[in-house]
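Listed below, chain by chain, are the residues.
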Amino acid sequence: MSVLPLVFTSGWASGINAYAVVLLLGVFGATGLSDEVPASLQRTDVLVAAGVLFLCEAVADKIPYVDSIWDSVHTVIRPVAGAVVAALLAGESGSLPELAAGAVGGSTALVSHLVKAGTRMAVNTSPEPFSNVVVSLAEDLGVAGVITFAVFHPVAAAAVAGTLLVLGIVTVAFLATRIRRFLRRRAQRREEKRRAAAGVVHRPPE
């Protein structure tokens, strides 16, 4: 069977939490639950690094505004991780050229990442912090569930991932107004900090 469904699913999941994808696939390969996982993802140092980074993301991802900063930093990391994981999976399977797999995994991860980042901008327009925790937990559980499902049922999992990706794009389109409001507020805060640093104090007219 072609590894393409697993490549697509891992790309979608990498756009949300690349470290969780590497950790889960590595564990599944190391425990013998999947023969599709390349040995490079099963190495102890890779699993330890992925586990530590996953814990860091699990914390940062649940703090308002910190999550958006974290997403900005990972705009390059997640697509690259998605492309690398996809290429490794294709190399292990031999049923799909590694370059094509990397392109599919990387592009899917980029779209998925943009959906996640856009959703978080909208969530951060809410004054309470609980929505960040709820959304983050839903993302973590979703990635874990879909990747686990993909190991045993790759085609069905790819259909689920594709559906979630489309729904995410539609959701971000609906939340565009809240995203623009978030960007305006952030720009205003930066301008206020710049003025404060320059010693410009706004005084109301007497």
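The structure this text deals with has already been given above.
These lines cover the structure that appears in this document, whether it is placed above or below.

Some words on the overall build of the protein chain
Thinking step 1. If you tally the helices and strands in the protein chain, you get seven helices and zero strands.
Thinking step 2. Each helix and strand of the protein chain, ordered N terminal to C terminal, gives the series α-α-α-α-α-α-α.
Thinking step 3. Seen through its C-alpha atoms, the protein chain measures out along the principal axes to roughly 75 × 35 × 30 Å.
Thinking step 4. The 206 residues of the protein chain split such that 43% are buried.
Thinking step 5. Long-range pairs, those at least 24 residues apart, make up 75% of the contacts in the protein chain with a sequence separation of at least 6.
Thinking step 6. Summing over all exposed atoms, the protein chain offers an accessible surface of approximately 10700 Å²; the carbon and sulfur share of this is 71%.
Thinking step 7. Averaged over its 17 positive side-chain charges, the protein chain has a centre that lies 14 Å from the centre of its 15 negative ones.

A closer look at a positive patch on the surface
Thinking step 1. Together, Arg178, Arg180, Arg181, Arg184, Arg185, Arg189, Arg190 and Lys193 give the surface a local cluster of positive charge.
Thinking step 2. Summarising the element assignment, lysine 193 is placed in helix α7 (residues 176-198).
Thinking step 3. Classification of lysine 193 by relative accessible area gives exposed; the value is 62%.

Overview of α7
Thinking step 1. With 23 residues, α7 should cover 33 Å at 1.5 Å per step; its first-to-last C-alpha distance of 33 Å lies within 8% of that length.
Thinking step 2. At the C-terminal side of α7, glycine 199 shows a positive phi close to 80 degrees.

Thoughts on the pattern of salt bridges
Thinking step 1. Counted under the stated rule, the structure contains 12 salt bridges.
Thinking step 2. Put simply, arginine 120 and aspartate 67 hold a salt bridge, and the shortest N to O gap is 2.9 Å. With arginine 120 in helix α4 (residues 98-123) and aspartate 67 in helix α3 (residues 66-93), this residue pair connects regions lying 53 residues apart in the sequence.
Thinking step 3. For arginine 120, a relative accessible area of 0% corresponds to the buried category.
Thinking step 4. Residue aspartate 67 is classed as buried on the basis of its relative accessible area of 0%.
Thinking step 5. Here aspartate 71 makes a salt bridge to arginine 78, at a shortest N to O gap of 2.8 Å. The same class applies to aspartate 71 and to arginine 78, which are both buried.
Thinking step 6. Taken together, the salt bridges that share partners define one network made up of Glu57, Asp61, Asp67, Asp71, Arg78, Lys116, Arg120 and Glu139.

Topic: helix α6 (residues 154-174)
Thinking step 1. In this model α6 runs 30 Å from its N-terminal to its C-terminal C-alpha over 21 residues, within 8% of the 30 Å that 1.5 Å per residue would give.
Thinking step 2. When we look at burial in α6, the residues that qualify are Pro154, Ala157, Ala158, Ala161, Gly162, Leu165, Gly168 and Val172. An end-on view of α6 places all buried positions within 140 degrees of arc, on one side of the element. Those residues of α6 that are exposed and aimed more than 90 degrees away from the buried face are Val155, Val166, Ala173 and Phe174.

A short note on the layout of surface pockets
Thinking step 1. Empty space within the largest pocket amounts to approximately 350 Å³.
Thinking step 2. Lining the largest pocket are 16 residues, with Trp12, Ile16, Val115, Glu139 and Gly168 positioned closest to its centre.
Thinking step 3. Among the residues forming the lining of the largest pocket, the class breakdown is nine nonpolar, five polar and two charged.
Thinking step 4. Computed from the structure, the second largest pocket encloses a volume of approximately 170 Å³.
Thinking step 5. For the second largest pocket, the full set of lining residues is Tyr65, Ser68, Ile69, Phe182, Arg186, Arg189, Arg190 and Lys193.
Thinking step 6. Residue contributions to the lining of the second largest pocket peak at five residues, all from α7.
Thinking step 7. Across the lining of the second largest pocket, the residue classes break down as three nonpolar, one polar and four charged.

Rules behind the numbers
- Residues numbered from 1 in each chain as written.
- Predicted model: local features only at pLDDT ≥ 70, side-chain atom pairs only at ≥ 80, totals over all residues.
- Heavy atoms only, no water.
- Helix = DSSP H or I, 4+ residues; strand = E, 2+ residues; numbered from the N terminus.
- Buried < 20%, exposed > 50% of the residue type's maximum accessible area, 1.4 Å probe, protein only.
- Contact = heavy atoms within 4.5 Å.
- Areas by Shrake-Rupley, 256 points an atom, 1.4 Å probe, with all protein chains shown as cover.
- Lys, Arg positive; Asp, Glu negative; His and termini not counted.
- Charge placed at Lys NZ, Arg CZ, Asp CG, Glu CD.
- Patch = residues over 30% accessible without salt bridge, like charges linked within 9 Å, V, L, I, M, F, W, Y side chains within 5 Å.
- Salt bridge = Lys/Arg side-chain N within 4 Å of Asp/Glu carboxyl O.
- Expected span 1.5 Å × (residues − 1).
- Arc of directions from axis to C-beta.
- 1 Å grid on protein atoms, 1.4 Å probe; cavity = no way out; pocket = protein on both sides within 12 Å on 5 of 7 lines; lining within 4 Å.
- Points joined across faces, edges and corners; volume = space filled by probe spheres on them.
- Nonpolar A, V, L, I, M, F, W, Y, C, P; charged D, E, K, R; others polar.

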